[in-house]
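# An overview of the molecular structure
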Amino acid sequence: MQKLIIKGRRELSGKISISGSKNATLPILAASILSNQVKIKNVPLVKDIFTMVELLNFIGLKAKIIKKKNTIEIKNREKNINTLAPYKLVKTMRAGVLVLGSLLTKYRKAKVSLPGGCAIGTRPVDLHLFALKKLGAKIKIKDGYILAQAKNGLKGAVIKFPSISVGATENALLAAFKAKGKTILKNCAIEPEIKDLIKFLKNLGANIFLKGRTISISESKIKTTKITHHVIFDRIELGTYMIASALLAKKNLTIDKIDPKIIKSELNILKKIGVQIEQKKNSIIIKRAKKLKKINILTKPYPGFPTDLQAQLMVILTQAKGISRIKENIFENRFMHVPELKRMGAQIQIKDKTAIIKGPTKLTGAEVMATDLRASVSLVLAGLIAENRTIINRIYHLDRGYEFLERKLKKCKAIIKRV
Ligand code: EPZ
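Now for a description of the structure that goes with this document. Everything numeric here is computed off the predicted structure, so don't read it as measured data. For every chain, the first residue of the written sequence is number 1, and numbering continues from 1 onward in sequence order. Predicted model: local features are reported for residues with pLDDT of at least 70 only, side-chain atom pairs are reported and counted for 80 or more only, and whole-chain, interface and lining totals are derived from all residues. Heavy atoms throughout the structure, all of them, feed into the side-chain values; hydrogens and water do not.

## Digging into the sheet that holds strand 1 (residues 4-7)
How we decide: Only when DSSP finds a minimum of two bridges between them are two strands counted as paired. Helix numbers and strand numbers start at the N terminus; a helix is a DSSP run of H or I with at least 4 residues, a strand a run of E with at least 2. For helices, the fitted line uses only the C-alpha atoms of the stretch in contact; every axis is such a line through C-alpha atoms, and the angle between N-to-C directions lies from 0 to 180 degrees.
With mixed pairing, the four strands of this open sheet are ordered in space as 22-23-1-24. Here the strands that pair on one side only, and so sit at the sheet edges, are strand 22 (367-369) and strand 24 (415-418). Shown here is a sheet whose adjacent strand axes are inclined to one another by a mean of 20 degrees, direction ignored. By the bridge criterion, four bridges tie strand 1 to strand 23 (residues 389-393) in an arrangement that is antiparallel.

What follows is the structure, encoded as structure tokens:
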């Protein structure tokens, strides 16, 4: 098992370039099942993407990653398509469940492994199935698999989600693409990654309109010509490096290949706690924060503060003066990083889904264990500001979602190495 070793308190300087978004690429890869040939650019080379490409090839598409260009080329020759997403591929990469909507709407049947839970929660897919049934799918759960079929194809419907779900919105969008007539989805998630998926589907020929939290789709004719899509930048990776810069920039640090308009709420929160941010068209310059102020935050669906940045924000709040509170509203068990941060000296109490953080506290290096993707990167941030050395175990969690993390940090003078 690989580990990361970090020598703390090194000042960072220079520039960090943000990679493409994993959470935009995954549904777009699932959507490529609907196309004939696509080229997807600005793809992050991370484990979840490799697993999704493996799944597409298992289904029978020809998907190839051109690593040096961060590009994936996909051809769908419609020959011996296997509408199966097996447990072995879905268990490590839950977003594999997103092929359900595409397979069902195009091939009228699908057998997809239930994704199962993960460290942060049970992660049910009832909302996905609720939407597909509304579109006329017959769904059965058997031996840990979702067996779905639509003998006469899917039929458009008006669907109001009882609660906001990114994955369920994406699966319903994909299923509605070839459903007869018109589909109206209400109370949708509207994350930038979903808007990027909509942009891809429109490029594929879809008639889709997004207004507020309502998305309407009418039956679409797929373009047979090759389409190219440039994936949006990863706003969670951006938030992570903004926090690293605020904590450790020597003078300031530039982060580029981004669109600051998309992360207004994250920028406002960081400014509120005292991070100095200068916004440019496609980059931001972060100055080291002189003094950090406490804040109370609750995680919400976009455009609220993202749950995927909760663990990273917690680290910077250990350095803010006073008592801060973070309420985790989205997942039931997303505080796995807290015991590890406490072993590094952080003063954090958990009380019914709220983390109460007392600062400023000096963090000292320790041997710690990553538990899920975003928790593991909060341990990297803590290691960067802690005294002495921090060893992070189980960094395969990191490799699922952060492209070239050590390389990007080393380039900014951090002392971090993988063993
Ligand atoms: C997506 O997960 C992201 N993953 C997550 O990022 C992100 O944390 C999450 O959205 C919230 O923003 C990808 O995009 C691949 P949800 P998803 O459906 O779609 C409950 C990362 O770190 N729910 O919006 O699974 C669910 O349990 C990952 O990159 C149901 O009850 O999230 C959760 O409490 C982690 N039934 C809440 O809704 C359902 O059918 C929001 O989940 C679906 C979800």
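## Comments concerning the sheet that holds strand 12 (residues 207-211)
Overall, mixed pairing links the four strands, which are arranged 10-11-13-12 in an open sheet. Looking at strand neighbours, the two that pair on one side only are strand 10 (158-160) and strand 12, the edges of this open sheet. On average, each strand axis in the sheet is inclined to that of its neighbour by 10 degrees, with strand direction left out of account.

## Points about the site of the ligand
The line we're drawing: Any residue with a heavy atom lying within 4 Å of a molecule or strand is counted as near it. N or O atoms within 3.5 Å of each other form a polar contact, as long as, within protein, one can give a hydrogen and the other can take it, and as long as residues adjacent in sequence are counted only when both atoms are side-chain atoms. The Shrake-Rupley method, run with a 1.4 Å probe, gives the accessible areas here. Residue values count only the displayed protein chains as cover. Throughout, the ten residues Ala, Val, Leu, Ile, Met, Phe, Trp, Tyr, Cys and Pro are labelled nonpolar, Asp, Glu, Lys and Arg are labelled charged, and all others, Gly among them, are labelled polar. Domain borders in the structure are assigned automatically or taken from a domain database.
Residues in close proximity to the ligand total 21 residues, the closest being Asp126, Leu127, Ser165, Asp308 and Ile330. Within the backbone of Pro124, one N or O atom sits 3.3 Å away from an oxygen atom of the ligand. Residue Ser165 places a side-chain N or O atom 2.7 Å away from an oxygen atom belonging to the ligand. Taken by itself the ligand offers 820 Å² of open surface, and the protein chains cover 84% of this. Residues of the shell around the ligand, tallied by class, amount to nine nonpolar, five polar and seven charged. Shared between two domains, the shell around the ligand takes at least three residues from each, and those domains are domain 1 (3-17 + 291-418) and domain 2 (22-230).

## A look at the pairing of strand 20 (residues 347-351)
Two strands pair when backbone bridges link them, and strand 20 and strand 21 (residues 354-359) are joined in this way by five bridges, in the antiparallel orientation. If you follow Ile348 over to strand 21, its bridge partner there is Ile357. Between strand 20 and the antiparallel strand that follows it, strand 21, lie two residues; Asp352 among them carries a positive phi value of about 20 degrees.

## Remarks on the environment of Glu340
Test applied: In what follows, a contact means two residues having at least one pair of non-hydrogen atoms within 4.5 Å.
Looking at the element boundaries, Glu340 is found in helix 11 (residues 337-343). Counting along the chain gives 28 residues from Glu340 to Val368, while the straight-line C-alpha distance between them is 5.9 Å. Discounting chain neighbours no more than four positions away, the residues touching Glu340 are Val368, Met369 and Leu379.

## Regarding the packing of helix 6 (residues 166-176) against helix 7 (residues 192-203)
Two measures define how a pair of helices packs: the angle their axes make with one another and the distance between the axes. Which entries qualify depends on this criterion: Any angle from 65 to 115 degrees is called roughly perpendicular, while one under 35 is roughly parallel, one over 145 is roughly antiparallel, and all others are oblique.
Where helix 6 meets helix 7, the closest approach of the two axes is 11 Å, and the angle between their N-to-C directions is 10 degrees. When the axis of helix 6 is compared with that of helix 7, the two are roughly parallel. Residues Val166, Thr169, Glu170, Leu173 and Leu174 of helix 6 lie in contact with helix 7, whose contacting residues are Ile194, Leu197, Ile198 and Leu201.

## Describing the pairing of strand 9 (residues 145-149)
Pairing of strand 7 (residues 109-113) with strand 9, which is carried by five bridges, proceeds in the antiparallel orientation. Across the sheet, the residue bridging to Lys111 is Leu147, located in strand 9. The pairing of strand 8 (residues 138-142) with strand 9 spans five bridges and is antiparallel. Paired with Lys142 across the two strands is Tyr145, which belongs to strand 9. As consecutive antiparallel partners, strand 8 and strand 9 are separated by two residues, and within that stretch Asp143 has a phi angle of approximately 50 degrees, a positive value.

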